Structure formats: C-alpha cells, structure tokens
Amino acid sequence: MSNTPSPTRAVVLGSTSRYRRELLQRLGLPFEVAAPEVDETPLPGETPAAIAQRLALAKARAVAERFPEAVVIGSDQVADLAGEPLGKPGTHERAVQQLRRMRGQTVVFQTALAVVCRASGFERQDIAPVHVAFRELDDGEIERYLRIEQPYDCAGSAKSEGLGIALLERIDSDDPTALVGLPLIRTCQMLRAAGVRLP
C-alpha cells in the first residue's frame, strides 16, 4: 500500500509547455495535461504583467470548462523590457534581435499563475516577477548561444536552466522555478488552498 497522499480532486495542467509539465512532475502528483486553446494576442496598451495574469486565468478557466470537477492550473510568462512585452521569438532572427536589446539590461520575467476549480467555485491567481540582469553580450556570444540551445519557444530567448545561465549576471526571485515557467512555491500554496493534498 502506497503512503503517497492522493489529491481529493484530479489535477489538470492547462498548458502545452513541456517545461511546465516537467516542473509540475517534481511535486509527485498525478495530473493530466490539456491544451488551453486561448488567443494569446496582447490587448492594446496592456502591460506585460497584465498580459501574463489575464492569460494565466484565461487558460485555467478554458480548461476548467472541460474539466469542471478538476483543479486546473494555468500559467503564462511575458518578458518585460522597460514596460514592453517580449514574447517567444519563434525564429533565430527574432531571438538575435531580442538578445541584442536585452544585453546590459535588467528584464523582468512576469510569470503568472492561476488555479481554478469550477465545481467548488475556487479561483485564485498570483504573479511571480523575476528580475534578470543580462551581461553585456557581444554578437558572437549571442550567435553561439542561439545555435547551441535554440531557445525559440522561450519568452526572452534564453533558458536559465540550460546554457542561458551563462548570459546572465544575476537573478532575483522569491520563487526559484518561476523563471522556467511555473512558480512552484505559489503553485503548492494554491493547490493546498484548493483542497489538493501534497506530501
């Protein structure tokens, strides 16, 4: 007989991100994954933090519509360069442009989290800003990094959990996994509040 506590409700991660899936696996909870199918286009004049919070909640609500009895986790991350949102570059050329703009700058990675359960009426959200200081990178360093790691699916064009750490001078955060895409300290707090038992 297992001593692992089981959650009172099913847990669903409303995300297609493999990074978020790998992070949530650290908690040792059984969970399902569902694509949220949310339009991620920023609204006119929307700040990076507001974009991240709106989309995290929209993702959680969209998946909760399909899994009303489950506790659903939604998350979104937007890189904030002096108030301007930087999304996933998608291409090598756009990643080069992003890293050139970020060199020598402090970028705030706004990582928002929402947990929703339709059946119980539970809905909570929070945001974990991570301040990341980039080194003064030369074009050669940027090119070499991108060719090796190809972080084109990452907001801000860098993976701190990989070689991208070499591009940085400092990371300031109160929730260490937030930069990778899911703030696990806040996630644990919200899951417990929603009635999910954690080890």
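In this report, the structure presented in the accompanying data block is examined. (Residues numbered from 1 in each chain as written. Predicted model: local features only at pLDDT ≥ 70, side-chain atom pairs only at ≥ 80, totals over all residues. Heavy atoms only, no water.)

The secondary structure content of the protein chain amounts to five helices and seven strands. Traced from its N-terminal end to its C-terminal end, the protein chain shows the element sequence β-α-β-α-β-β-α-β-β-α-β-α. The C-alpha atoms of the protein chain give 17 Å as radius of gyration, which agrees with the globular expectation for 199 residues (16 Å, within 12%). Sorting the 199 residues of the protein chain into buried and exposed places 49% on the buried side. Long-range contacts, defined as pairs at least 24 residues apart, comprise 68% of the intrachain contacts of the protein chain with a sequence gap of at least 6. (Helix = DSSP H or I, 4+ residues; strand = E, 2+ residues; numbered from the N terminus. Rg over C-alpha atoms; globule rule 2.2 N^0.38 Å. Buried < 20%, exposed > 50% of the residue type's maximum accessible area, 1.4 Å probe, protein only. Contact = heavy atoms within 4.5 Å.)

Our next topic: the packing of helix 3 (residues 92-102) against helix 4 (residues 139-149). Running from N to C, helix 3 and helix 4 cross one another at 135 degrees; their axes reach a closest spacing of 10 Å. Here helix 3 lies oblique to helix 4, going by the angle between them. Seen along the crossing, helix 3 lies across helix 4 with a hand that is right-handed. Contacts between helix 3 and helix 4 involve His92, Ala95, Val96, Leu99 and Arg100 on the former and, on the latter, Asp139, Ile142, Glu143, Tyr145, Leu146 and Arg147. Its residues placed into classes, the contact of helix 3 with helix 4 shows six nonpolar, one polar and four charged. (Axes fitted to C-alpha atoms, helices over the stretch in contact; angles between N-to-C directions. Parallel < 35°, antiparallel > 145°, perpendicular 65-115°, else oblique. Left-handed = near helix turned anticlockwise from the far one by under 90°. Nonpolar A, V, L, I, M, F, W, Y, C, P; charged D, E, K, R; others polar.)

This brings us to the side chain of Glu149. By the secondary structure assignment, Glu149 is in helix 4. For the buried Glu149, which has no salt bridge, the nearest side chain bearing the opposite charge is Lys159, at an N-O separation of 5.4 Å. A distance of 3.0 Å separates a polar side-chain atom of Glu149 from the backbone nitrogen of Leu163. Side-chain polar atoms of Glu149 contact the backbone nitrogen of Gly164, separated by 3.1 Å. With residues near it in sequence (within four places) discarded, Glu149 still touches Lys159, Gly162, Leu163 and Gly164. (Lys, Arg positive; Asp, Glu negative; His and termini not counted. Salt bridge = Lys/Arg side-chain N within 4 Å of Asp/Glu carboxyl O. Polar contact = N/O pair within 3.5 Å; in protein donor to acceptor, adjacent residues only side chain to side chain.)

Let's shift gears to the side chain of Ser157. By secondary structure assignment, the location of Ser157 is in the loop between helix 4 and strand 7 (168-172). A polar contact of 2.6 Å, which involves the side chain of Ser157, links it to the side chain of Gln98. If near-sequence neighbours (up to four positions away) are discounted, Ser157 is found in contact with Pro89, Ala95, Gln98, Leu99, Tyr145, Leu146 and Pro151.

Further remarks concern the pattern of salt bridges. If you walk through the whole model with that rule in mind, you get 15 salt bridges. For the salt bridge of Glu40 with Lys59, the shortest nitrogen-to-oxygen distance reads 3.6 Å. Placement of Glu40 in the loop between strand 2 (32-33) and helix 2 (48-66) and of Lys59 in helix 2 is noted, with a sequence separation of 19 residues between them. Taking relative accessible area as the criterion, Lys59 reaches 6% and is therefore assigned buried.

Attention now goes to the nonpolar core. Grouped together as the largest cluster of nonpolar side chains are 23 residues, with contacts concentrated most on Leu99, Phe109, Phe134, Leu146 and Leu167. Secondary-structure elements contributing two or more residues to this core are strand 3 (71-81), helix 3, strand 5 (106-117), strand 6 (122-134) and helix 4. Membership of the second largest hydrophobic core comes to 20 residues, among which are Val11, Leu13, Leu23 and Val71. (Core = buried A, V, L, I, M, F, W, Y, C linked by side-chain atoms within 4.5 Å.)

Once that is clear, we can look at the layout of surface pockets. The volume enclosed by the largest pocket comes to roughly 640 Å³. Residue lining of the largest pocket: 36 residues in total, with Arg20, Gln77, Lys88, Asp153 and Ala155 positioned closest to the centre. Where the lining of the largest pocket is concerned, the elements lending two or more residues are helix 1 (18-25), helix 2, strand 3, strand 4 (84-86) and strand 6. When grouped by side-chain class, the residues that make up the lining of the largest pocket number 18 nonpolar, eight polar and 10 charged. (1 Å grid on protein atoms, 1.4 Å probe; cavity = no way out; pocket = protein on both sides within 12 Å on 5 of 7 lines; lining within 4 Å. Points joined across faces, edges and corners; volume = space filled by probe spheres on them.)

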